[in-house]
Each structure stands twice: as C-alpha cells, then as structure tokens.
Amino acid sequence: MAQVSAGPTGRGSPGRPYVLLSCATSIDGYIDDATEQRLMLSNDEDLARIDAIRAGCDAILVGAGTVRRDDPRLVVRAERLRRERVARGLPPSPAKVTLTARGDLDPRARFFTVGDAAKLVYCASPAVEKATESLDGLATVVDAGDPVDHDRLLADLAARGIGRLMVEGGGTVHAQFLTAGLADELHLVVAPFFVGDRRAPRFVADGRFPWHPGRRARVAEVRQIGDVVLTRYALSPRCVDW
C-alpha cells in the first residue's frame, strides 16, 4: 500500500487540514460543457498559478466522478517546484485523495498510475471491499462511513500528517465541502465566455450554504490573470493573506 507524505507544509489544525477549494467557471457558472471534450477554462498563466498552489499543499482531492470523467494526473508539473519540494524533504508532488460512494474506480486511471505520490481512496462502507480488491497495491482504501463522512475524512487526513488540502472538484464535491462549512478558502476563476447549456455541470448544485445575503463571504483578493479573473474568498477565520 502507498504511504502518505511525512509532514505538513501548510497551516492546519489537529482536527482537520486547512481546506482550499479551487475552481474555474464560465461567466454563467459552468465548469464544463456538455460535450465529450474537456472544456479549457483557465489560461497558461493561471495554470502556472494553480501548479504553485499544488506545490504548497500536502494533498490534492477530487471526487471519483472527476477521476472517471477527466482522468487527471494531479501532479506538480514545473520541475523547479518539484525540486523545491524535494529539497524540503517532501515527495515531488502532494498525495492524491479521492472519495467514492460506489468504489467504482478504474485502476488504469492516471490518478493511480502517474507519479509516486501516495494515493488515498475514502470509500463509503458498503463499497470498501470492492474498492480494496480492484485497487490492491495501487492505493490505500479508507472506510469513511456510510455515506462518506467528510469530517471523518478530514480527521483521518490530519492524523496522516496532511496540514493543507487542495480540493479541485468536481461540483458535487465542492458543494459537499461548502455546505458542510469545511472550506477555509475558495479560489474562483472566471473565464471570459458563456457555456449556455443547462445540460452542462455547474460549479455547485442547490444546497444550504453558510454564506448567504445575511452572511457574506469576505473577498480576500481580486486579480486579473491574462484574460481570466481570480477572486479569492476567505471562508473561515483561518484564511489569512499569504
């Protein structure tokens, strides 16, 4: 079984890691279109920013749907950033984390086959046996309750030395962390075009969010990056300028 990296690189607490959500959308709030081809929302400059954020984290989390649909590698791409992590006694890339209700994950996915970082699969209790059998030797499968308990997941990550967690989606996972009040910071990038197709996935679905007209999130930063705009929202007192 893969092992998690030894020690945190960012702010966290004994209870749970610092949780940073990262997402790019169209002007009308879509994170993809309804075609089979992946929609590119960020530009090269913004992707370099995201790479640097990844390099400063201990783990990167995506949902099982994102693993199936996008087949992401979830590695630090810039050689300089990889060398800097190694010089700090860390693996070249952060640990990879996913969560699944059904345990339906392809062991050939790049999440499992690319890079030497630890891989963690937080699985709903009824699917633990299935996931353990299909991913034998490729990942550590953790029973996360039924349904998957995000507090339990974060407590387990903290116990494994994860101090800073980057959540990269998809929309269902972002909504789960946001509605549960488990996010400390949100990086929201808006691309300068519309999707205009309600069949496409949106940033988040309906839900009861802690931020509403009577309790607004604090804007920590607004920055133009080429032709996209980044807004950084502070979602908890743990979010400070950095």
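Student: So what exactly am I meant to see when it comes to the environment of Val 141 here?
Tutor: Secondary-structure assignment places Val 141 in strand 5 (residues 140–143). According to the relative accessible area criterion, Val 141 is buried, its value standing at 17%. Sequence separation of Val 141 and Lys 119 is 22 residues, and the distance between their C-alpha atoms is 8.7 Å.

Student: When you look at the packing of aromatic side chains in this model, what are you seeing that I'm missing?
Tutor: We describe a pair of aromatic rings using the distance from one ring centre to the other and the angle between the two ring planes. Tallied over the entire structure, the rule returns one aromatic pair. Seen from their ring centres, Phe 111 and Phe 112 are 4.9 Å apart, and the 70° between their planes marks the pair as edge-to-face. A single burial state applies to Phe 111 and to Phe 112, both of which are buried. If you follow Lys 96 out to its NZ or CZ, it ends over the ring of Phe 111, 5.8 Å from the centre. When the ring centre of Tyr 30 is taken as reference, the NZ or CZ atom of Arg 202 above it lies at 4.6 Å.

Student: It is not clear to me how the side chain of Asn 43 should be interpreted in this structure. Could you clarify?
Tutor: Its location among the elements puts Asn 43 in the loop between strand 1 (18–25) and helix 1 (44–55). You can call Asn 43 buried: its relative accessible area is 15%. There is a polar contact of 2.8 Å between the side chain of Asn 43 and the backbone nitrogen of Asp 46. Beyond its immediate stretch of four places on either side in the chain, Asn 43 contacts Ile 225, Gly 226, Asp 227 and Val 228.

Here is what the cut-offs are and how they apply
- Residues numbered from 1 in each chain as written.
- Predicted model: local features only at pLDDT ≥ 70, side-chain atom pairs only at ≥ 80, totals over all residues.
- Heavy atoms only, no water.
- Helix = DSSP H or I, 4+ residues; strand = E, 2+ residues; numbered from the N terminus.
- Buried < 20%, exposed > 50% of the residue type's maximum accessible area, 1.4 Å probe, protein only.
- Phe/Tyr/Trp six-rings, centres within 6.5 Å; stacked < 30°, edge-to-face > 60°.
- Lys NZ or Arg CZ within 6 Å of the ring centre and 35° of its normal.
- Polar contact = N/O pair within 3.5 Å; in protein donor to acceptor, adjacent residues only side chain to side chain.
- Contact = heavy atoms within 4.5 Å.

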